[in-house]
Amino acid sequence: MKLMKEVVLTLTMMSSSWAVYAADFDLTSQIRAQIVDLVIEQLQTGYVLPARGAVAAAELRHRFDTGYFDDITSPQVFANRITGVLDVISDWHLWVNFQDQPIPEDFVSWRFSDKTEREVHLRRRNFGFEKVERLSGNVGYIELREFYYEESVSERALADVMHLMRFTDGLIIDLRRNGGGDPAMVDLLASYFLAPGVHLGDIQYKEDGRLEASYTQQIESSAHYGLERPVHLLLSENTFSGAEGFSYTMQVLGRMTLIGERTKGGAHLFEDVRLHAHFMMALPIARSINPVTKSSWQYVGVRPDIEVPAEQALHIAQKHILEELIANSSDSIAKSEQEYALRLLGE
């Protein structure tokens, strides 16, 4: 199961090589009917919210029966059009996509042919850490593009990043281009800012109704950021899924200040469903529940504490966090540096 955005973007990112493979694929009327039937079956039996799944299934059946797909010969266009129909229930974790290479029945992921390929990809992406630096005024900055997780290795990468931040007076975490990722990495990052054993959330599965609870972990004291230093999160309309979950939790607990734009609104977990050797479906099968609000950010997104255009969020966050540090500082040298940094931002 995954909580991520990348699948949505993939629907509109067909490369020239994909076009060649798609042109070679014979999308017959029988295949179109087969895929539509299978999607409807999955919606009726497995979708996390049965009533909404029924709405999507009925709309897809109506569109198919009235010829909406009849003139389509491109398999990618066919998949995109199905996804567009399913958008009637506004679930960004629900989609169908065409795969140029045959999907093995024992596939690891819609993106990777095997575990080794996945591990190489995660390491090449540095587990989502795009930028780590110290800004003027001794404010740390982490740009995290995705919550990638690989046991031990990604844990070490996060620990290394947090060790670099341990002497900063405040921290900005940039999630403006983060589309989610693995819930394990989301929970692990939260553990660096909260006490151990804090109830972060529950995942409720449609199939059997079971709940999976997540809690903060015990973190090495030298890397833990503490409970008092100010932390600001940067958000945009593209912040999605697990990144929204992290932001929502931190806002509810009052641990971080959120700055930027209202987020996309995706709180469901999905699983990959192989419909055909060349068609994959993302099917939401579980929902996130916050233990405090008893709700989530599904459909509504996360509303920032300070709402500004995404491109202004970093500048505003720097000013806000420096003002907070100056107001609470008892260190004259640090305060002088922060005041200077604040003046530079105003120039």
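Everything here concerns the structure above.
Residues numbered from 1 in each chain as written. Predicted model: local features only at pLDDT ≥ 70, side-chain atom pairs only at ≥ 80, totals over all residues. Heavy atoms only, no water.

(A) Expanded view of the overall build of the protein chain. Each helix and strand counted, the protein chain has 11 helices and 13 strands in total. Taking 2.2 N^0.38 as the reference for a compact globule, 347 residues should give roughly 20 Å; the C-alpha atoms of the protein chain span a radius of gyration of 22 Å, in line with that estimate. Its C-alpha atoms put the protein chain at 75 × 40 × 35 Å along the principal axes. Taken across its 347 residues, the protein chain has 53% of its residues classed as buried. In the protein chain, 75% of the contacts between residues at least 6 apart in sequence involve partners at least 24 apart. (Helix = DSSP H or I, 4+ residues; strand = E, 2+ residues; numbered from the N terminus. Rg over C-alpha atoms; globule rule 2.2 N^0.38 Å. Buried < 20%, exposed > 50% of the residue type's maximum accessible area, 1.4 Å probe, protein only. Contact = heavy atoms within 4.5 Å.)

(B) Representation of the side chain of Ser 154 in the model. Relative to the assigned elements, Ser 154 resides in helix α7 (residues 153-165). Accessibility expressed as a relative area gives 0% for Ser 154, which makes it buried. Beyond its immediate stretch of four places on either side in the chain, Ser 154 contacts Phe 127, Tyr 148, Tyr 149 and Met 185.

(C) Highlighting the sheet that holds strand β3 (residues 129-135). The sheet built from six strands is open, its strands ordered β3-β4-β5-β9-β10-β13 with mixed pairing. In the strand order of this sheet, the two ends are held by β3 and β13 (306-307), each with one partner. Judged from the two bridges that link them, strand β10 (residues 257-260) and β13 form a sheet pairing that is parallel. Within the sheet, the bridge partner assigned to Ile 259 lies in β13 and is Ile 306. Running at roughly 15 degrees to β3, α7 makes contact with β3, β4 (139-144) and β5 (170-174) of the sheet. Strand contacts of helix α9 (residues 242-252): β9 (231-235) and β10, with the helix running at about 140 degrees to β9, the strand carrying the most contacts. (Pairing = 2+ DSSP bridges. Axes fitted to C-alpha atoms, helices over the stretch in contact; angles between N-to-C directions.)

(D) Layout of the environment of Val 88. Within the element layout of this structure, Val 88 appears in the loop between α5 (75-86) and β2 (95-98). For Val 88, a relative accessible area of 42% puts it in the partly exposed group. The spatial distance from the C-alpha of Val 88 to the C-alpha of Ala 57 is 10.0 Å, given a sequence separation of 31 residues.

(E) Broad picture of the packing of aromatic side chains. Applying the stated criterion across every chain yields a total of 11 aromatic pairs. On the numbers, 6.4 Å between centres and 35 degrees between planes, the contact of Phe 64 with Phe 69 is tilted. Each member of the pair, Phe 64 together with Phe 69, is buried. Among the aromatic side chains, those forming a connected cluster through ring pairs are Phe 25, Phe 64, Tyr 68, Phe 69, Phe 78, Phe 98 and Phe 279. For Arg 63, the ring lying beneath its charged end belongs to Tyr 68, and the centroid distance is 4.6 Å. The ring of Tyr 205 is capped by Arg 210, whose NZ or CZ atom sits 4.0 Å from the centre of that ring. (Phe/Tyr/Trp six-rings, centres within 6.5 Å; stacked < 30°, edge-to-face > 60°. Lys NZ or Arg CZ within 6 Å of the ring centre and 35° of its normal.)

(F) Quick peek at the pattern of salt bridges. Taken as a whole and judged by the stated rule, the model has 13 salt bridges. A salt bridge links Arg 61 to Asp 65; the nearest nitrogen and oxygen atoms lie 3.7 Å apart. With a gap of four residues between them, Arg 61 and Asp 65 both fall in helix α4 (residues 50-65), about one helical turn apart. Since its relative accessible area comes to 29%, Arg 61 is described here as partly exposed. Its relative accessible area of 54% is what places Asp 65 among the exposed residues. Between Glu 130 and Arg 145 there is a salt bridge, with its nearest N and O atoms 3.9 Å apart. Here Glu 130, found in strand β3, pairs with Arg 145, found in the loop between β4 and α7; they are 15 residues apart in sequence, far enough to count as distant. The class for Glu 130 is partly exposed, based on a relative accessible area of 45%. When salt bridges with common partners are traced through the structure, they connect Glu 130, Glu 143, Arg 145 and Arg 177 into a single cluster. (Salt bridge = Lys/Arg side-chain N within 4 Å of Asp/Glu carboxyl O.)

(G) Just unusual backbone geometry, in detail. Its identity is not glycine, yet Asn 138 carries a phi of approximately 60 degrees, on the positive side. You can see Asn 138 is positioned in the loop between β3 and β4. Residue classification places Asn 138 among the buried positions, given a relative accessible area of 13%. Its identity is not glycine, yet Ser 152 carries a phi of approximately 75 degrees, on the positive side. The topology assignment puts Ser 152 in the loop between β4 and α7.

(H) Examining helix α10 (residues 313-328) more closely. Here α10 spans 22 Å end to end across 16 residues, near enough to the 22 Å set by a 1.5 Å rise per residue. Among all positions of α10, only Ala 313, Ala 317, Gln 318, Ile 321, Leu 322, Leu 325 and Ile 326 are buried. Looking at the buried positions of α10, the neighbouring elements they touch are β3, β4, β5, β9, β10 and α11 (332-346). (Expected span 1.5 Å × (residues − 1).)

(I) Representation of α5 within the structure. The first and last C-alpha atoms of α5 sit 17 Å apart over 12 residues, in line with the 16 Å expected at 1.5 Å per residue. Within α5, the full set of buried residues consists of Pro 75, Gln 76, Phe 78, Ala 79, Ile 82, Thr 83, Val 85 and Leu 86.

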